[in-house]
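Residues per chain, in single letters:
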Amino acid sequence: MWTFLPISLALCVSNGYTGCMKDSGLRIRVEQKLRQEFLELCRKQDKPASQVIREFMRNYIASNQNSEGQPDTKKKNA
């Protein structure tokens, strides 16, 4: 006998990327060549460009937070 758990439509649709519906957009301007190269690489990796950008944003936030989860405003020595 099958048992089905209630799963939100957003979770199913997002295919595991976020688990929730996106409710905000971000519009940026970049050089055409940069955009073309980025999209080509995303296609080769079979990843949607928006997924790659969201991953970058999450990694950027994680690498720039202190142990309390607050933005780290101290300059890092490079």
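Keep in mind it's a predicted model, so treat the numbers as computed, not measured. (Residues numbered from 1 in each chain as written. Predicted model: local features only at pLDDT ≥ 70, side-chain atom pairs only at ≥ 80, totals over all residues. Heavy atoms only, no water.)

> Mind showing me how you'd approach the overall build of the protein here?
Along its length, the protein carries three helices and zero strands. Within the protein, buried positions represent 9% of all 78 residues. (Helix = DSSP H or I, 4+ residues; strand = E, 2+ residues; numbered from the N terminus. Buried < 20%, exposed > 50% of the residue type's maximum accessible area, 1.4 Å probe, protein only.)

> I tried to follow the confidence of the model for the protein on my own but got confused; where do I start?
The predicted coordinates of low-pLDDT regions are not to be read in fine detail. Residues with a pLDDT of 70 or more make up 69% of the protein, whose mean pLDDT is 79. Ignoring residues within four places in sequence, the model shows residues 7-15, a span with pLDDT below 50, making seven contacts including any to other chains. (pLDDT = per-residue confidence, 0-100. Contact = heavy atoms within 4.5 Å.)

> Would you mind showing me how to read a nonpolar patch on the surface here?
Taken together, the side chains of Leu26, Ile28, Val30, Leu34, Ile53, Phe56, Met57, Tyr60 and Ile61 define a hydrophobic patch exposed on the protein surface, amounting to about 910 Å² of accessible area. With five residues, the top contributor of residues to the nonpolar patch is helix H3 (residues 49-63). Examined against the element boundaries, Leu26 turns out to sit in the loop between helix H1 (9-14) and helix H2 (32-44). (Patch = residues over 30% accessible without salt bridge, like charges linked within 9 Å, V, L, I, M, F, W, Y side chains within 5 Å. Areas by Shrake-Rupley, 256 points an atom, 1.4 Å probe, with all protein chains shown as cover. Salt bridge = Lys/Arg side-chain N within 4 Å of Asp/Glu carboxyl O.)

> So what exactly am I meant to see when it comes to the pattern of salt bridges here?
Close approach of charged atoms allows side chains with opposite charge to pair. Summed over the entire model, instances satisfying the criterion amount to three salt bridges. In this structure, Lys33 and Glu37 form a salt bridge, with 3.8 Å as the shortest nitrogen-oxygen distance. Linking Lys33 with Glu37, this pair stays in helix H2, spanning four residues, or about one helical turn. What makes Glu37 partly exposed here is its relative accessible area of 47%.

> Hey, could you run me through unusual backbone geometry in this one?
Backbone geometry follows two general trends: most residues other than glycine have a negative phi, and most peptide bonds adopt the trans configuration. Its identity as a non-glycine residue notwithstanding, Asp46 has a phi of 55°, on the positive side. For Asp46, the location among the structural elements is in the loop between H2 and H3.

> Even after reading the chapter, I still don't get the packing of H2 against H3, so can you show me in this structure?
Packed helices, taken two at a time, are described by the angle their axes make and the gap between the axes. Where H2 contacts H3, the axes come no closer than 9 Å and their chain directions differ by 100°. With respect to their mutual orientation, H2 and H3 come out roughly perpendicular. Where H2 approaches H3, its residues Phe38, Leu39 and Cys42 are matched on the opposing element by Ala49, Val52 and Ile53. (Axes fitted to C-alpha atoms, helices over the stretch in contact; angles between N-to-C directions. Parallel < 35°, antiparallel > 145°, perpendicular 65-115°, else oblique.)

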